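Next come the chains, spelled out residue by residue.
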Amino acid sequence: MSDKNIEQVSPDTSTYPVVITIARDFGAEGHEIGKMLSTELGIPLYDNEILVRASMRAGVTTDQIAAYDESLAAEVAAFLPDRVDTRSAADKLFKQMEGVILDLGSTQSCIIEGRLSDYILRDNPNRISVLVTAPLDARVEIVRAKRGITEKKAKKLVKRMQRAREMFYKRYSAGKWTLHSEKDVVVNRARFGRQGCVDILAAAYRTKVAVVERAKQATE
């Protein structure tokens with residue numbers, strides 16, 4: 001397939017903003033990389049901000065909705081099936097976050113971190129779905145060094161939080177999506193370092209923006 005064919009974009013796609021969604025293996029420093037990328041590209045990063053907006057929509061405090069963020073929502077949904085009231089609350093609050101993500105992803109170029117954003121925005125043809133990863137031993141070392149804990153405790157934490165993130169995907173995509181599925185770009189933090197990952201993702205974003213701009217020009 002030629003480069004020309006690869007870059008073909010239907011006119012309708014020019015109406016969508018270019019959005020980067022970042023899924024992160026726990027301990028791979030996806031958040032730090034997202035912040036650096038936001039600065040590099042001059043576009044906003046949404047992470048905790050999504051919780052604030054969702055809490056305003058739901059009419060609850062940020063602390064309340066934060067209780068149903070990725071890790072706890074996964075544990076509640078996956079491991080407490082007898083608590084129907086708790087599951088319903090988690091599902092309701094997730095729907096608020098989903099609405100915020102859909103609004104953001106349809107109105108502006110931005111970076112959205114976690115919270116199943118890659119799946120939620122799957123109908124945006126200009127979404128760049130990213131996974132920030134690293135081998136388990138590298139992630140354990142990053143967590144150990146940051147938290148000042150033993151390697152054993154760090155490994156236990158990484159595995160627990162990784163499972164929670166994976167269960168979050170399974171729960172709220174009804175098993176249709178996984179943390180590692182359908183990614184456009186996968187960057188290995190251990191291989192490239194933070195700045196290297198930022199450089200790769202910035203290049204992907206700028207390339208996509210150029211493709212979209214050409215599509216707009218073609219319709220004018």
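Residues numbered from 1 in each chain as written. Predicted model: local features only at pLDDT ≥ 70, side-chain atom pairs only at ≥ 80, totals over all residues. Heavy atoms only, no water.

Draft legend 1. Inspection of the overall build of the protein chain at higher detail. In terms of helices and strands, the protein chain carries 10 helices and 5 strands. Looking at the protein chain residue by residue over its 220 residues, the buried ones come to 48%. Sequence separation of at least 24 residues holds for 74% of the intrachain contacts in the protein chain that already meet a minimum separation of 6. Summing over all exposed atoms, the protein chain offers an accessible surface of approximately 11400 Å²; the carbon and sulfur share of this is 50%. (Helix = DSSP H or I, 4+ residues; strand = E, 2+ residues; numbered from the N terminus. Buried < 20%, exposed > 50% of the residue type's maximum accessible area, 1.4 Å probe, protein only. Contact = heavy atoms within 4.5 Å. Areas by Shrake-Rupley, 256 points an atom, 1.4 Å probe, with all protein chains shown as cover.)

Draft legend 2. Spatial organisation of the pattern of salt bridges. A full pass over the atoms with the stated rule returns 9 salt bridges. Between E29 and K146 there is a salt bridge whose closest N-O contact spans 2.9 Å. Of the two residues, E29 sits in the loop between β1 (19–24) and α2 (30–41) while K146 sits in helix α8 (residues 136–147), which places them 117 residues apart along the sequence. When its relative accessible area of 7% is taken as the criterion, E29 is described as buried. You can call K146 partly exposed: its relative accessible area is 45%. (Salt bridge = Lys/Arg side-chain N within 4 Å of Asp/Glu carboxyl O.)

Draft legend 3. Local environment of the side chain of S117. Mapping S117 onto the fold places it in helix α7 (residues 117–120). Excluding anything up to four places from it in sequence, S117 contacts T21, I101 and I112.

Draft legend 4. Quick look at the packing of aromatic side chains. Summed over the entire model, instances satisfying the criterion amount to 4 aromatic pairs. Note on F168 and Y172: the rings are 5.1 Å apart at their centroids and 55° apart in plane angle, and the pair reads as tilted. Of this pair, F168 and Y172 both sit in helix α9 (residues 151–172), 4 residues apart, roughly one helical turn. Judged by its relative accessible area of 1%, F168 falls in the buried class. Using a relative accessible area of 13% as the deciding quantity, one classes Y172 as buried. (Phe/Tyr/Trp six-rings, centres within 6.5 Å; stacked < 30°, edge-to-face > 60°.)

Draft legend 5. Examining the packing of α2 against helix α10 (residues 189–219) more closely. Their axes nearest at 10 Å, the elements α2 and α10 cross at an angle of 40°. Looking at the two axes, α2 sits oblique to α10. Here α2 and α10 pass one another in a crossing that is right-handed. Facing α2, whose interface residues are E32, I33, M36, L37, E40 and L41, α10 presents R189, R194, Q195, C197, V198, L201, A202, Y205 and R206. Grouping the amino acids of the contact of α2 with α10 by side-chain chemistry returns 9 nonpolar, 1 polar and 5 charged. (Axes fitted to C-alpha atoms, helices over the stretch in contact; angles between N-to-C directions. Parallel < 35°, antiparallel > 145°, perpendicular 65-115°, else oblique. Left-handed = near helix turned anticlockwise from the far one by under 90°. Nonpolar A, V, L, I, M, F, W, Y, C, P; charged D, E, K, R; others polar.)

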